[in-house]
Amino acid sequence: MNRFLDLADFSRDEVMDLLALARRLEAHPEPQALAGRILGLLFMNPSLRTLSSFQAGMMRLGGSAFVVTPGQGTWNVETRTGAVMDGGAAEHVREAIPVLASYCDALGLRAFAEGKDLAADLAETPFRLMAGLCDKPFINLESAMNHPCQALADWKTMDDLAVPRTGRFVLSWVYHPRALPLAVPAAVLHMAAQRGMEVVVLRPDGYALPGPVMAKARAAAAASGGSVSETADRAAALAGAHVLYAKEWGSPACYGDVDAESALRRPLADWQVREPWFAGTRADCHFMHCLPVRRNVAVADEVLDGPRSRVVREAANRMVVQMAVLHRLLRGSR
Amino acid sequence: MNRFLDLADFSRDEVMDLLALARRLEAHPEPQALAGRILGLLFMNPSLRTLSSFQAGMMRLGGSAFVVTPGQGTWNVETRTGAVMDGGAAEHVREAIPVLASYCDALGLRAFAEGKDLAADLAETPFRLMAGLCDKPFINLESAMNHPCQALADWKTMDDLAVPRTGRFVLSWVYHPRALPLAVPAAVLHMAAQRGMEVVVLRPDGYALPGPVMAKARAAAAASGGSVSETADRAAALAGAHVLYAKEWGSPACYGDVDAESALRRPLADWQVREPWFAGTRADCHFMHCLPVRRNVAVADEVLDGPRSRVVREAANRMVVQMAVLHRLLRGSR
Amino acid sequence: MNRFLDLADFSRDEVMDLLALARRLEAHPEPQALAGRILGLLFMNPSLRTLSSFQAGMMRLGGSAFVVTPGQGTWNVETRTGAVMDGGAAEHVREAIPVLASYCDALGLRAFAEGKDLAADLAETPFRLMAGLCDKPFINLESAMNHPCQALADWKTMDDLAVPRTGRFVLSWVYHPRALPLAVPAAVLHMAAQRGMEVVVLRPDGYALPGPVMAKARAAAAASGGSVSETADRAAALAGAHVLYAKEWGSPACYGDVDAESALRRPLADWQVREPWFAGTRADCHFMHCLPVRRNVAVADEVLDGPRSRVVREAANRMVVQMAVLHRLLRGSR
């Protein structure tokens, strides 16, 4: 393993092996496993969990890390192939990535969707190009359409909580003042399907996830014995749910059209998770969210501060699963 | 000890024990004492000394540190309880603090005063709430009304310089273009009183420190055998002083009222420490300041570059005393 | 050795000793050589390579590093002696440098030219003053007129590539939307002369390097058996070249005069390195650039992506030679 780009690149058994390694490192720390190894972290976009958990994870394995943040102490970088660089970017990723790779033993990259052209973002062309520029082990810290570290942490969180493999997992759209990327919903949807769950995507009209995202999840469900469906009917979706996973995302139907998206979004402020959403779920239904979350906009305090909330545990599991990823990338297959 | 929030939480003997540990670590380095331990540092406000000295201190004890700076590569965070987060902040401290705590072995937080409502800032409500969200050892890196690391470093600096326990300590207001927080004057005033000194607060009319701040210092003085007085008479204050500690702060009398504060402050530019200020002090009177300092505005070059200045030593002692705090927090009572 | 400010401070043999150490560390890593040692890095200006390669280099030798970036999480700093600090800067380097030095075992500083007064920038007065404020080993991470780490890495790169000591080295001005500092051209010119090469500075009218820069390089060439000449004739300059080293810089003739400089620069956009530039060079002529580079503005994709380009190797060598500098500064003369 020398790339961690997408959970879909791994079989269900391989993911479970990785989770077993995470669990082993949790139970039996290996404070020297990565002694002398260096992780480079390149952030094109803001971060709290990824920034801190990758550094802490390396340190807990005896390694170290450095952080590069274009626009914050580092030159702005260009990602477009063939660009005439007469604007704000002083450096191209074609240089920046191989140079950073030369300093470290593994490189992580965060680069969000551009948010203008859905087909382009679905293709992940710039991200795959950037990954291809790195001759060291490479980690996706969130790309246009993926966030495999989040998905892996969420899988472990459900295992920790003994959520049944075949449990009902409802991924629900929630309101946000702006159109956010599709990376987390796409990654989490696929993860739940790959885990073998009964997955329901609950979203208002206009917010159906793109066809290729749904198709990829359906393929994973078919392989694992799970299922994927979608609806705009909240009560139907949530009936009997083991997990409600809330996420904000922009409308694929008017992707890149800010005005149309705002108009579509405006009447949907009631898509804020409140306690009554759980009326028809299982009594022990868990509430999940990848964070950051806008309180009392996307999710009410009563839910985040209530007994169903697993959001801090999910975030804590980020470090744990990432330690397994780093261990696997830098120490080989076992 | 698993909180370092305020020197007032410790008895005079406990503070002296901590200083003895600092001195021991200075004389006998322990480069592996905190091997494998991780410090998280969350900065809501700018820093030079705190940022670098806490990292360096951890490294000198064999540990490591990561830094999170909302608004600089990390999401802006909301601190108000019950906020409807439809503005610039994407994340709430109710999530951010427990998540960061899960990655580290101790967490430090800097969060300055809001500067609008004096009673609210005096109550330190948000800071104590944030400290309460952290289930790991927690360090105050400067709150609305406190800066215990600075106070502890200053205490050690005076010990280093053999300033008598009962020496005359003059905390003087000095000019600054803006109203700065009360954290350092409040912390340093209390420290000098707790040390047992003859403390005089020298400040122009309108800049008397808040009643609760003075009362807290007077209580510390009563316990230690020291005293606390205040005056606007510079010559009277400085007569016989062992230490002149200069600090800029905003008027408590017109707290949060920018226009009134500016009008009050405008005629006070002569409150800039110059060599003649030392005419009536002891010949060996030390000049202290917590830094950063605006040269030739708050303090003249002739003083900062002269033989009385201890400002670099104070800053150097920040690392030393913080190593003792970290050692105590992460290694237990001895 | 306790200062690394300028390659000119070292004899040719001393530089070659340093490169031999770099080569030894490359072949025989010393992962504990600087265990427990701390490097402080103070960046007044943006960085990618310097920021990451110094951190990674320290880590590869078992040490650690902290980064301070005024204006990005740290107070803005004033560098002018005698300044009345009533503007945007809250702290003076007269405090910041000794304070940071007290926390670390070696300090690096990046502080670009002010770009207003050529004589002042040539004098490097503020930088030498700042270096003088540091009582620990000190490293120039790029000053107004120097970048010794870049120059040393480039020397090693040419050694790696077996470029003859007496080979023809063409330093060519290339186009950039703005007037950039003279630090890299001055440092690289001197390096090639000190290495003993046949150095040609190729630049349009108005872009001749300042007299003192040329004189210093000529003195180095005289000592090493090399030569330095300059011309605006591209074909003549490049005939038989072993190396084409491209660099953007502002006109010394209208230094600090933005409008005049823009007018002078405007017609020069064809000074973009393209493959035809190599028509008269040696067949195996290497292309070098210090990075960051604006693609298709300063240098065309066809050159950067072609077989002549050594830009990533140069950047990779930054870490390697800096490890030698750190080793020498922190471990003594051998």
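Analysis parameters
Residues numbered from 1 in each chain as written. Chains lettered and ligands numbered in written order. Predicted model: local features only at pLDDT ≥ 70, side-chain atom pairs only at ≥ 80, totals over all residues. Helix = DSSP H or I, 4+ residues; strand = E, 2+ residues; numbered from the N terminus. Rg over C-alpha atoms; globule rule 2.2 N^0.38 Å. Buried ≥ 20, exposed ≤ 12 C-beta atoms within 10 Å, placed from the backbone. Contact = placed C-beta atoms within 7 Å. Pairing = 2+ DSSP bridges. Axes fitted to C-alpha atoms, helices over the stretch in contact; angles between N-to-C directions. Nonpolar A, V, L, I, M, F, W, Y, C, P; charged D, E, K, R; others polar. Least-squares fit on C-alpha atoms with pLDDT ≥ 70 in both. Domains from an automatic or database assignment. Expected span 1.5 Å × (residues − 1). Parallel < 35°, antiparallel > 145°, perpendicular 65-115°, else oblique. Left-handed = near helix turned anticlockwise from the far one by under 90°. Arc of directions from axis to C-beta. Right-handed = clockwise from strand over helix to strand, strands pointing away.

S.K.: Describe the overall build of chain A, with residues and values.
M.R.: A tally of helices and strands in chain A yields 12 helices and 12 strands. Relative to the compact-globule value of 20 Å for 334 residues, chain A shows a C-alpha radius of gyration of 20 Å, a close match. Its C-alpha atoms give chain A principal-axis dimensions of roughly 55 × 50 × 35 Å. Counting all 334 residues of chain A, 60% fall into the buried class. For chain A, restricting intrachain contacts to residue pairs at least 6 apart in sequence, the fraction spanning at least 24 positions comes to 81%.

S.K.: Tell me about the environment of His 289 of chain B, and please be specific about residues and values.
M.R.: Residue and element names in this part refer to chain B. As for its position among the elements, His 289 is in the loop between strand S12 (286-288) and helix H11 (301-304). Placed 135 residues apart in sequence, His 289 and Asp 154 show a C-alpha to C-alpha distance of 9.1 Å. Once residues within four sequence positions are removed from consideration, His 289 is found in contact with Ala 246, Lys 247, Val 299 and Val 311.

S.K.: Summarise the sheet that holds strand S8 (residues 168-173) of chain A; cite the residues concerned and give the values.
M.R.: All names here are of chain A. The strand order across the open sheet built from 5 strands is S10-S9-S8-S11-S12, with neighbouring strands paired in parallel fashion. Unpaired on one side and paired on the other, strand S10 (227-231) and strand S12 (286-288) mark the two borders of the sheet. Sheet twist, expressed as the mean angle between neighbouring strand axes with direction ignored, is 20°.

S.K.: I'd like a description of the interface of chain B and chain A, backed by residues and values.
M.R.: Listed by partner, the interface residues are 26 residues for chain B and 29 residues for chain A. Contributing elements (two or more residues each) for the side of chain B that touches chain A: strand S2 (38-43), strand S3 (64-68), strand S5 (91-92) and helix H3 (93-103) of chain B. Within the side of chain B that touches chain A, the residues separate by chemical class into 14 nonpolar, 9 polar and 3 charged.

S.K.: Give a description of the interface of chain B and chain C that names residues and reports values.
M.R.: Opposite the 29 residues of chain B that make contact, chain C presents 26 residues. Those elements that place two or more of their residues in the side of chain B that touches chain C are helix H2 (49-60) and helix H12 (311-331) of chain B. At 8 residues, the largest contribution of residues to the side of chain B that touches chain C is made by H2 of chain B.

S.K.: So what's going on with the relation of the copies chain B and chain C? Which residues, and what values?
M.R.: Overlay of chain B on chain C (RMSD 0.0 Å): rotation 120°, translation along the axis 0.0 Å. Within this description, the copies of the chain are treated as partners about a three-fold rotation axis. When C-alpha positions in chain B are compared against the rotation axis, the closest is assigned to Gln 72 of chain B, at 3.9 Å. In this assembly the copies use different faces: only 3% of the residues contributing to the interface of chain B also contribute to that of chain C.

S.K.: Let's hear about the sheet that holds strand S6 (residues 106-110) of chain B: which residues, and what values?
M.R.: Residue and element names in this part refer to chain B. Taken in spatial order, the 5 strands of this open sheet run S1-S7-S6-S2-S3, and their pairing is parallel. Where the open sheet ends on each side, the last strands, each with one partner, are strand S1 (3-4) and S3. The pairing of S6 with strand S7 (residues 138-140) spans 3 bridges and is parallel. When the sheet's bridge partners are listed, Leu 109 is paired in S7 with Asn 140.

S.K.: Any details on the relation of the copies chain B and chain A? Residues and values, ideally.
M.R.: Overlay of chain B on chain A (RMSD 0.0 Å): rotation 120°, translation along the axis 0.0 Å. A different interface surface on each copy is seen, since only 4% of the contact residues of chain B are contact residues in chain A too.

S.K.: Report on the domain arrangement of chain A, specifying residues and quantitative values.
M.R.: The extent of an interface is frequently quoted as the accessible surface area lost upon association of the parts. Residue and element names in this part refer to chain A. By domain assignment, chain A separates into domain 1 (3-146 + 318-331) and domain 2 (162-309). On a C-alpha basis, the centres of domain 1 and domain 2 stand 26 Å from each other. Each partner contributes residues to the interface: domain 1 has 18 residues there, and domain 2 has 18 residues. Listing elements by their share of the side of domain 1 that touches domain 2, those giving two or more residues are helix H1 (12-27) and helix H4 (118-123). Taken together, the residues that form the side of domain 1 that touches domain 2 break down as 10 nonpolar, 3 polar and 5 charged.

S.K.: Tell me about the environment of Thr 81 of chain C, residues and numbers included.
M.R.: All names here are of chain C. For Thr 81, the location among the structural elements is in the loop between strand S4 (77-78) and strand S5 (91-92). The class of Thr 81 is partly exposed, set by 14 C-beta atoms lying within 10 Å. Distance from Thr 81 to His 92, taken between C-alpha atoms, is 8.9 Å for residues 11 residues apart in sequence.

S.K.: Give a description of H2 of chain B that names residues and reports values.
M.R.: Residue and element names in this part refer to chain B. For H2, spanning 12 residues, the distance from its first C-alpha to its last is 16 Å, which sits close to the expected 16 Å at 1.5 Å a residue. Counting buried positions along H2 yields 12 of 12 residues, so the element is predominantly enclosed. Within the sequence span of H2, burial applies to Arg 49, Thr 50, Leu 51, Ser 52, Ser 53, Phe 54, Gln 55, Ala 56, Gly 57, Met 58, Met 59 and Arg 60. Within two residues after H2, Gly 62 carries a phi angle of roughly 90°, on the positive side.

S.K.: Describe in detail unusual backbone geometry, supporting the description with residues and values.
M.R.: Residues other than glycine predominantly adopt negative phi, and peptide bonds predominantly adopt the trans conformation. Along the chain, Leu 291 of chain A connects to Pro 292 of chain A via a cis peptide bond; the corresponding omega equals 0°. With respect to the element layout, Pro 292 of chain A can be found in the loop between S12 and helix H11 (301-304). In this model, Glu 124 of chain B sits at a positive phi of 55°, which is unusual for a non-glycine residue. If you trace the backbone, Glu 124 of chain B turns up in the loop between helix H4 (118-123) and helix H5 (125-132). In the Ramachandran plot, Ala 162 of chain B falls in the positive-phi region, its phi being about 60° despite a non-glycine side chain. With respect to the helices and strands, the residue Ala 162 of chain B is situated in the loop between helix H6 (148-160) and strand S8 (168-173). Taking the C-beta count within 10 Å as the criterion, Ala 162 of chain B has 9 such neighbours and is therefore assigned exposed.

S.K.: I'd love a proper account of the packing of helix H2 (residues 49-60) of chain C against helix H12 (residues 311-331) of chain C, names of residues and values included.
M.R.: All names here are of chain C. Relative orientation of the contacting elements H2 and H12 amounts to 50°, with a least axis distance of 9 Å. When the axes of H2 and H12 are compared, the pair comes out oblique. With respect to the hand of their crossing, H2 and H12 are arranged in right-handed fashion. Between H2 and H12, the residues in contact are Arg 49, Ser 53, Phe 54, Ala 56, Gly 57, Met 58 and Arg 60 and Ala 315, Arg 318, Met 319, Gln 322, Met 323 and Leu 326, respectively. The residue inventory of the contact of H2 with H12, partitioned by class, reads 7 nonpolar, 3 polar and 3 charged.

S.K.: So what's going on with the environment of Arg 266 of chain B? Which residues, and what values?
M.R.: Residue and element names in this part refer to chain B. With respect to the helices, strands and loops of the structure, Arg 266 is situated in the loop between helix H10 (258-265) and S12. Residue classification places Arg 266 among the exposed residues on the basis of 9 C-beta atoms within 10 Å. As for Arg 266 and Pro 177, which are separated by 89 residues in sequence, their C-alpha atoms are 8.5 Å apart.

S.K.: Outline helix H8 (residues 211-224) of chain A, listing residues and values.
M.R.: Residues and elements named next belong to chain A. Under the 1.5 Å per step criterion, the end-to-end length of H8 is 20 Å for 14 residues, consistent within 8% with the ideal 20 Å. Within H8, burial applies to Val 213, Lys 216, Ala 217, Ala 220 and Ala 221. The buried residues of H8 all sit within an arc of 140° when viewed along its axis, so they share a single face. Residues of H8 that are exposed and angled more than 90 degrees away from the buried face: Gly 211, Ala 215 and Ala 222. A positive backbone phi angle near 85° is found at Gly 225, which sits one or two residues after H8.

S.K.: So what's going on with the pairing of strand S9 (residues 198-202) of chain A? Residues and values would help.
M.R.: Residue and element names in this part refer to chain A. A large share of S9 lies buried, amounting to 5 of its 5 residues. Burial along S9 is two-sided: the face carrying Glu 198, Val 200 and Leu 202 and the face carrying Val 199 and Val 201 are both buried. The sheet contact formed by S8 and S9 spans 5 bridges and is parallel. Across the sheet, Arg 168 pairs through a bridge with Glu 198, a residue of S9. Viewed along the sheet, the connection from S9 through H8 into S10 turns out right-handed.

S.K.: Give me the packing of helix H12 (residues 311-331) of chain A against H3 of chain B: which residues, what numbers.
M.R.: In contact at an axis separation of 9 Å, H12 of chain A and H3 of chain B are set at 35° when each is read in the N-to-C sense. Considering the relative orientation of H12 of chain A and H3 of chain B, their crossing is right-handed. Contacts from Val 311, Val 312, Ala 315, Ala 316 and Met 319 of chain A in H12 of chain A reach Glu 95, Pro 98, Val 99, Ser 102 and Tyr 103 of chain B in H3 of chain B.

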